[in-house]
Amino acid sequence: MMAKKTETPKTKKKATPPQKAKPKPVKEAAIDTNIFPIGKLKYPEEYSETVINKLIQDIRVLPEHLKSISKKINKKKKLQYSYREGGWTIEQIIHHLADSHMNALIRFKLALTENNPTIKPYNQDLWVETADTQLPVKVAVRLLKSIHAKWVALLENMDKNDWKRTFYHPEYNRTSTLEQTLALYAWHGKHHVAQIEMALKNA
């Protein structure tokens, strides 16, 4: 009698796991240069003494830049020019700069004298509609000059620990350091001056 052949069990091949598709690089949305003529805000990677001093200089020179460009507005109707359809007028931008930087100075003083204070937000779109924005723009330019004189005196006397002090913004649910806030407002001034220049150029 012949011995039965013993069959060797077949080894099952391991299933190859499906390969994950590599994510396609996300293209950054094109920046509308009418809204952001100098580009969007980019915070510095580090806040060295050199960087801080450069940002303070931006704050220092803004009133003179604004005064210089406002001299190009030789007709009242130019105040109603805008950098884009539906955007703020030149008149509104100039008054906004005074209002905004007035709030910025107060935020600095709060953060320097309190422990992570909660600041008071405001509706900037409604602020540019209030009656005081009908005053001559030179009133706002002079106010900005005074605000920046006080602000720069404050900034130049801050030490390393001061720059790390913070405040909390309830509208954005965000805590910001004063060095970050300095970078924001240094950009903010140049951003709006560029919008005014664009409005005058495109008119």
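Every value quoted in this text rests on a predicted model; they were computed, and no experiment measured them. (Residues numbered from 1 in each chain as written. Predicted model: local features only at pLDDT ≥ 70, side-chain atom pairs only at ≥ 80, totals over all residues. Heavy atoms only, no water.)

S.K.: Help me understand helix H1 (residues 49–70) in this model?
M.R.: Each α-helix winds once per 3.6 residues, and so residues spaced three or four apart point in a common direction. With 22 residues, H1 should reach 32 Å at 1.5 Å per residue; the first-to-last C-alpha distance of 32 Å fits that figure. The axis of H1 is deflected most strongly, by about 40°, at valine 61, and proline proline 63 appears within four residues downstream. Taken residue by residue, H1 has Ile52, Leu55, Ile56, Asp58, Ile59, Leu62, Pro63, Leu66, Ile69 and Ser70 as its buried positions. Of the surrounding elements, those touching the buried residues of H1 are helix H2 (90–113), helix H4 (137–155), helix H5 (160–163) and helix H6 (178–202). (Helix = DSSP H or I, 4+ residues; strand = E, 2+ residues; numbered from the N terminus. Expected span 1.5 Å × (residues − 1). Bend = angle between axes of the 7 residues up to and from the residue. Buried < 20%, exposed > 50% of the residue type's maximum accessible area, 1.4 Å probe, protein only. Contact = heavy atoms within 4.5 Å.)

S.K.: Please clarify how the side chain of histidine 95 should be interpreted in this entry.
M.R.: Among the structural elements, histidine 95 can be located in helix H2. Setting aside residues up to four positions removed in sequence, histidine 95 forms contacts with Asp132, Thr133, Leu135, Pro136, Val137 and Ala140.

S.K.: Would you mind showing me how to read the environment of lysine 164 here?
M.R.: With respect to the secondary-structure elements, lysine 164 resides in the loop between H5 and strand E1 (166–169). Put simply, lysine 164 and serine 176 are 12 residues apart on the chain and 8.9 Å apart in space, counted from C-alpha to C-alpha. Those residues in contact with lysine 164 that lie beyond four places of it in its chain are Thr177 and Glu179.

S.K.: Would you mind going over the packing of H1 against H6 with me for this structure?
M.R.: Two quantities define a packed helix pair, namely the angle between the axes and the distance from one axis to the other. In the contact formed by H1 and H6, the axes pass within 9 Å of each other and the chain directions differ by 25°. The angle between H1 and H6 places the two elements in the roughly parallel class. At the point where H1 passes H6, the crossing takes the left-handed sense. Counted together, Ile52, Lys54, Leu55, Ile56, Asp58, Ile59, Leu62, Leu66 and Ile69 of H1 and Glu179, Leu182, Ala183, Tyr185, Ala186, Gly189, Lys190, Val193, Ile196, Glu197 and Leu200 of H6 form the full contact between these two elements. Taken together, the residues that form the contact of H1 with H6 break down as 14 nonpolar, 1 polar and 5 charged. (Axes fitted to C-alpha atoms, helices over the stretch in contact; angles between N-to-C directions. Parallel < 35°, antiparallel > 145°, perpendicular 65-115°, else oblique. Left-handed = near helix turned anticlockwise from the far one by under 90°. Nonpolar A, V, L, I, M, F, W, Y, C, P; charged D, E, K, R; others polar.)

S.K.: What am I meant to see in unusual backbone geometry here?
M.R.: Residues other than glycine predominantly adopt negative phi, and peptide bonds predominantly adopt the trans conformation. A positive phi angle, close to 45°, is found at asparagine 116, a residue other than glycine. Mapped onto the secondary structure, asparagine 116 falls in the loop between H2 and helix H3 (124–127). Looking at asparagine 116, the relative accessible area reads 31%, which means it is partly exposed.

S.K.: Any chance you could explain H6 here in plain terms?
M.R.: Its 25 residues place the ends of H6 36 Å apart at the C-alpha level, agreeing with the 36 Å of an ideal helix rising 1.5 Å per residue. Most of H6 sits inside the fold, with 18 of its 25 residues counted as buried.

S.K.: In this structure, what is going on with a positive patch on the surface? I would like to understand it.
M.R.: A contiguous patch of positive charge, built from Lys67, Lys71, Lys138, Arg142 and Lys145, is present on the exposed surface. Judged by its relative accessible area of 63%, lysine 71 falls in the exposed class. (Patch = residues over 30% accessible without salt bridge, like charges linked within 9 Å, V, L, I, M, F, W, Y side chains within 5 Å. Areas by Shrake-Rupley, 256 points an atom, 1.4 Å probe, with all protein chains shown as cover. Salt bridge = Lys/Arg side-chain N within 4 Å of Asp/Glu carboxyl O. Lys, Arg positive; Asp, Glu negative; His and termini not counted. Charge placed at Lys NZ, Arg CZ, Asp CG, Glu CD.)

S.K.: Explain a nonpolar patch on the surface to me, please; I cannot follow it from the model alone.
M.R.: On the surface, Met102, Ile106, Leu126, Trp127 and Leu143 cluster together into a nonpolar patch covering about 440 Å² of accessible area. Counting residues per element, the ones that place at least two in the nonpolar patch are H2 and H3. Along the chain, tryptophan 127 turns up in helix H3. Tryptophan 127 gets classed as partly exposed once you look at its relative accessible area, which sits at 32%.

S.K.: Would you take a moment to explain the environment of lysine 138 for this structure?
M.R.: Looking at where lysine 138 falls in the secondary structure, it is placed in helix H4. Between the C-alpha atom of lysine 138 and that of lysine 67, which follows or precedes it by 71 residues, the distance is 8.0 Å.

S.K.: Help me out: how do you make sense of the side chain of aspartate 99 in this one?
M.R.: When you line up the elements, aspartate 99 lands in helix H2. Here aspartate 99 occupies a buried position and makes no salt bridge, while the nearest side chain of opposite charge, arginine 107, is found at 12 Å. Setting aside residues no more than four positions away along its own chain, aspartate 99 makes contact with Tyr122 and Trp127.

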